[in-house]
Each structure stands twice: as C-alpha cells, then as structure tokens.
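A look at the structure
These are the residues of each chain, in order.
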Amino acid sequence: MENYEGFSFVEPILQLIQKMKDSGDSQNFRIGTSMHTLVISRSVKHGLRNDQKEIRIERINDLQDGFEYEVVMRQGGERYREYRVTDLSDERVMKLIKTLKGTLID
C-alpha cells in the first residue's frame, strides 16, 4: 500500500478490521475478500451459500478528501440494507456488523 498510491482506499478497510480485532469482534466473523471487496460473514467454511447473510464493503468513488464505499448486507441475491459512506466507522456500518453478529454461525 505504501508503495502504490492506487491502493490507499484499503487503509480505512484495514482500520475497520483492526477495530474489530481490538474489540474481539473479529473472532465472531469470517473476513475475506473477493477481488476488491471485503466480505464479512458468519460462515465456518470458505464460500457462501445463498442462505447465508454477509456484509460486502467496496470502494465505489474516489473523493477529493477520501473515498466513498458501498456497504451492503445481503443474503444470496437479496439486499437487506445498503449504504454509501465515506467513513467505515459510520454508525450504520457498525449496526450492520452488530446485526450480522446476532445471526447463527453456519
């Protein structure tokens, strides 16, 4: 990241993961990537079935002073919540993570 400016959008994502790790929440989730998308789920195994919920975080716009991310909670093709945020510590994002934490590990 430090050697390539094009990946600076990853820094806020890493900060979110570190925040989850510091709070102990990372133990409750499977965190992975799909290309440039962060995927947070409660899946025990790699890969998600259509009946498993997930949160996807993806950069959608470069802004003058940062980035805009799309944050989507979905299950299969159905989207439950979706937000566009410039701060991944946004209350709505934290609420989605808390909601996902309340689902069964599968």
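Worth saying up front: this structure is predicted, and the values here are computed from it rather than measured. (Residues numbered from 1 in each chain as written. Predicted model: local features only at pLDDT ≥ 70, side-chain atom pairs only at ≥ 80, totals over all residues. Heavy atoms only, no water.)

Some thoughts on the overall build of the protein chain
On a plain count of helices and strands, the protein chain comes out with two helices and five strands. Moving toward the C terminus, one meets the helices and strands of the protein chain in the order α-β-β-β-β-β-α. Relative to the globule expectation of 13 Å for 106 residues, the C-alpha radius of gyration of the protein chain, 14 Å, shows essentially globular dimensions. Within the span of the protein chain, comprising 106 residues, buried residues form 32% of the whole. Taking as baseline every contact in the protein chain between residues at least 6 positions apart, the subset at least 24 positions apart corresponds to 32%. Distance between charge centres in the protein chain, computed from 17 positive and 18 negative side chains, equals 8 Å. (Helix = DSSP H or I, 4+ residues; strand = E, 2+ residues; numbered from the N terminus. Rg over C-alpha atoms; globule rule 2.2 N^0.38 Å. Buried < 20%, exposed > 50% of the residue type's maximum accessible area, 1.4 Å probe, protein only. Contact = heavy atoms within 4.5 Å. Lys, Arg positive; Asp, Glu negative; His and termini not counted. Charge placed at Lys NZ, Arg CZ, Asp CG, Glu CD.)

Examining the nonpolar core
Within the largest apolar cluster, 20 residues are counted, with the highest numbers of intra-cluster contacts made by Ile 40, Ile 55, Ile 57, Tyr 69, Val 71, Leu 88 and Ile 97. Among the elements of the structure, helix H1 (10–23), strand S2 (37–41), strand S3 (53–63), strand S4 (66–75) and helix H2 (91–101) are those that each provide at least two residues to this core. Not counting residues up to four positions away in its chain, the partners in contact with Ile 40 are Met 20, Phe 29, Arg 30, Ile 31, Glu 54, Ile 55, Ile 57 and Leu 100. (Core = buried A, V, L, I, M, F, W, Y, C linked by side-chain atoms within 4.5 Å.)

Quick notes on the packing of aromatic side chains
Enumeration according to the criterion identifies two aromatic pairs in this entry. On the basis of an interplanar angle of 70° and a centroid distance of 6.4 Å, the ring pair of Phe 9 and Phe 67 is categorised as edge-to-face. Taken together, the positions of Phe 9 in the segment before H1 and Phe 67 in strand S4 put the pair 58 residues apart, joining distant regions of the chain. Of the two residues examined, Phe 9 and Phe 67, each falls in the buried class. (Phe/Tyr/Trp six-rings, centres within 6.5 Å; stacked < 30°, edge-to-face > 60°.)

Brief notes about the sheet that holds S2
Strand order in the open sheet formed by five strands is S1-S2-S3-S4-S5, and the pairing between neighbours is antiparallel. In this open sheet, the two edge strands, each paired with only one partner strand, are strand S1 (30–34) and strand S5 (78–85). Looking at each pair of strands side by side, their axes are set apart by 20° on average, direction ignored. Strand direction decides the pairing type here: S4 and S5, joined by seven bridges, are antiparallel. Paired with Tyr 69 across the bridge in S5 is Val 85. (Pairing = 2+ DSSP bridges. Axes fitted to C-alpha atoms, helices over the stretch in contact; angles between N-to-C directions.)

So, the pairing of S1
The sheet contact formed by S1 and S2 spans five bridges and is antiparallel. Paired with Ser 34 across the strands is Thr 37, a residue of S2. Where S1 hands over to S2, the hairpin turn is made up of two residues, of which Met 35 adopts a positive phi near 55°.

Some words on H1
The terminal C-alpha atoms of H1, which comprises 14 residues, lie 20 Å apart, in line with the 20 Å expected from a rise of 1.5 Å per residue. Tucked inside the fold, the buried residues of H1 contact S1, S2, S3, S4 and H2. Where H1 terminates, the next one or two residues include Gly 24, which has phi positive at roughly 90°. (Expected span 1.5 Å × (residues − 1).)

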